Every structure is written in C-alpha cells, then in structure tokens.
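# Overview (structure and organization)
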Amino acid sequence: MGIHDPRSFSFLTPPEQDSIVKSFELLQLLGAVDESLNLTPKGKRMSKLPLDPVFANLLLESEKLECVSEVLTVVGMLSAENIFFRPSRGSEASDGLTAKGAAAHKRFASYEGDLPSLLKVYNAWKAEAVYYPPGKIGKQHKKRMGSGKMLHGDWCKQNFISGRALVRAHDVRNQISELASRSVERNGLGMNVLSSCDDAEMLPFLKCIAAGLYLQVAMRIPSANQQKGVQLGGKSGIIPSRGHYKTKVGGNLVSIHPTSFMFNRSHPPKCVAYTEILYTSKLYIRGVTQIRPEWLEDDTSV
C-alpha cells in the first residue's frame, strides 16, 4: 500500500495513537523494524507469517535450535482456544465429569509447563487417533481402524479434548507449515519444517521458548514472607510472595492462571515464559512454561 507510517493513514476508525506507538516499540524490540521504522530482513520474514509478531518471532527462533516441527505444533495449538474440555461444576453428576476430565488431562501434563503439555496432546492425537475431514469417511467404517487407532471424535471424548479446537489447531499448523516450507522465490521462508529435537530431550525446545518469548518472561518473587510496595492489579500494599511473579517488561505482579498445569506446583519455577496476560481483578499469566534465567543471558539463544 506504500504506507510507511500508519499514524499518517486515514483510518475509518483510527486506533489510539498510544496503541500504534506500543506496537512499533514491540516490533523494534523483536528486531522487526529499525529506528526509522523500516522493516529489517528479519521483519520481512516475519511479515510473511499470518501470526502475532511474538509467535512469528518464536517460529523464526526455532530454526536456530532445530525444533521447527515442535514450534509449528505449539503455534497451531495456541491458535485454538480451549483445547482442554473442562466440565463446569455444579451438580453431583457434573462434579463427577470434572474429576474424570482432570484425571484424563493428567497424562498430558508436563512438569515443564503448558506449551510442552500442548505438544504432548497433539503428538498423542497423531499417534493414537485418525481424523477424516467431513465427507471423507462413511458410516460403514468401524470405530477402530485396522491400525488400532481410534476415530478422532472417540479419542477426544475419551481424553476430554475439544475435537473442534484440535481440528482448528491441526489446520492452522498445516497452513503455516506450507507457507514456511515454501521456497523464498515463491514468497515463502524456505524453512525445514521437519526439523525436530528429540522428544526425550526437550532442552532445545525450552531454550527456543525462552528465545522466542523473551519479552514475555516473569521471575518469581524471592521467597520472603511478605513483600511491600509491589503493585497487584494497580493496587499497592503488603502481599504474600508465594505464587506471585514479576514480569520482565512492565514490572507487573502476576499470578499463574488456575487452568495452567503450573498452577500450585509444589516447587514453583523461578523463571517462566508466558503467552498472554489475562486482566481481571488480578493479573494472570497463561501459556506458562518453565525456563532457566541463564538462557535469557545467553546471546547464542536469545
């Protein structure tokens, strides 16, 4: 469109100037634009991906640590809301379902946090279930295939996973994978989307999370009985330090969301990366993954 500075564009409904400025600051911190607001080589690669800039940066970082396949999966899973089906409490029957759902989800829970857990869900689904797009399978097919795999719907019901959300994640993963693997001459990124770290060795994947989400990192407040003068949801005062983290950017005091696999872990991690902040009466972080503070200081990975 030939527009260099969005602030000069005649929007029908113009965004707040402050929002535009903050967006440019984020792109600068990610190395996508320079001080003159020109796209950098990295920014040009990021612009080819129909993703949030933070997730586009995460995918580009995965090339360096050879875990492109894992990050493609995580980005796809994050694009779909509510992967885990959690029945609401209320009646005795619903409470029973809630307990069954929590028990079913335990097999996917990773000690390292939410993103590795999402990866486990997708990998288990690919290994144990078979999915046919609508219209591709008839009623004559048996519920269990000759390979021993379950049908998609049955697998999701058994594991309390949202079938619709999982299909969306799968579709998004395929779309991003096709674009990323496409040659540069065809306006792609020329990435090796099969690049994968060993499933048993998650270190490269976790280092990639630290490198890609380094602007969305929080440190646990030092173990002391109480901390004074720290803001919590805009309020100051005396608050307990247990379970609270301070964001690297902004210095906000946040708590891990109750739906996170990291919530109330017996040994809370010292440092975490997160995918979003939820603003309610408190500030919560979601998509929480344990990382090591020293990785943030390692110039070779961040």
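As a starting point, this report considers the structure included with it. Starting afresh in each chain, residues are numbered from 1 along the sequence in its written order. Since the coordinates come from a predicted model, pLDDT governs what is reported: local features require at least 70, and pairs of side-chain atoms require 80 or more to be given and counted, while whole-chain, interface and lining totals use all residues. Note that water and hydrogens are dropped before the side-chain values are worked out from all heavy atoms of the structure.

By the criteria applied, helices consist of DSSP H or I runs no shorter than four residues and strands consist of E runs no shorter than two, each listed in order from the N terminus. Relative to the elements of secondary structure, Val172 occurs in helix α8 (residues 163-181). Classification of Val172 by relative accessible area gives buried; the value is 12%. Along the sequence, Val172 and Met77 sit 95 residues apart, while their C-alpha atoms lie 8.3 Å from each other. When residues no more than four places from it in sequence are discounted, the contact partners of Val172 are Gly76 and Ser79. The buried label applies to any residue whose accessible area, calculated with a 1.4 Å probe on protein chains only, is under 20% of its type's maximum; exposed applies above 50%, and partly exposed to all values in between. Throughout, a contact is declared for two residues whenever any of their heavy atoms are within 4.5 Å.

Counting 59 residues, the largest nonpolar core has Leu59, Ile83, Trp155, Ile161, Phe205 and Ile291 as its most contacted members. Those elements giving two or more residues to this core turn out to be α3 (53-64), α4 (68-78), α6 (114-128), α7 (152-159), α8, α9 (203-212) and β8 (271-273). Apart from the residues within four sequence positions on either side, Ile161 is in contact with Ile83, Phe84, Phe85, His105, Phe108, Val121, Trp155, Cys156 and Leu166. We define the nonpolar core as a collection of buried residues of types Ala, Val, Leu, Ile, Met, Phe, Trp, Tyr and Cys that are connected through side-chain atoms lying within 4.5 Å of one another. Ranked by size, the runner-up nonpolar core spans ten residues in total, among them Ile256, Met262, Val272 and Tyr274.

A few words now on α3. Expected helix span is taken as 1.5 Å per residue step, with the number of steps being one fewer than the number of residues. Taking 1.5 Å of rise per residue, twelve residues should cover 16 Å, and α3 covers 18 Å from first to last C-alpha, within 8% of that figure. Of all twelve residues in α3, nine are buried; the element is thus mostly enclosed. Check the buried side of α3 and you find it contacts α1 (17-29), α2 (41-46), α4, α8 and α9. Nitrogen and oxygen atoms within 3.5 Å of one another constitute a polar contact, given that in protein one can donate a hydrogen and the other can accept it, and given that sequence-neighbouring residues count only through two side-chain atoms. N-capping of α3 is provided by Asp52, with a side-chain oxygen placed 2.8 Å from the backbone N of Val54. Just downstream of α3, Glu66 is the residue with a positive phi angle, here 55°.

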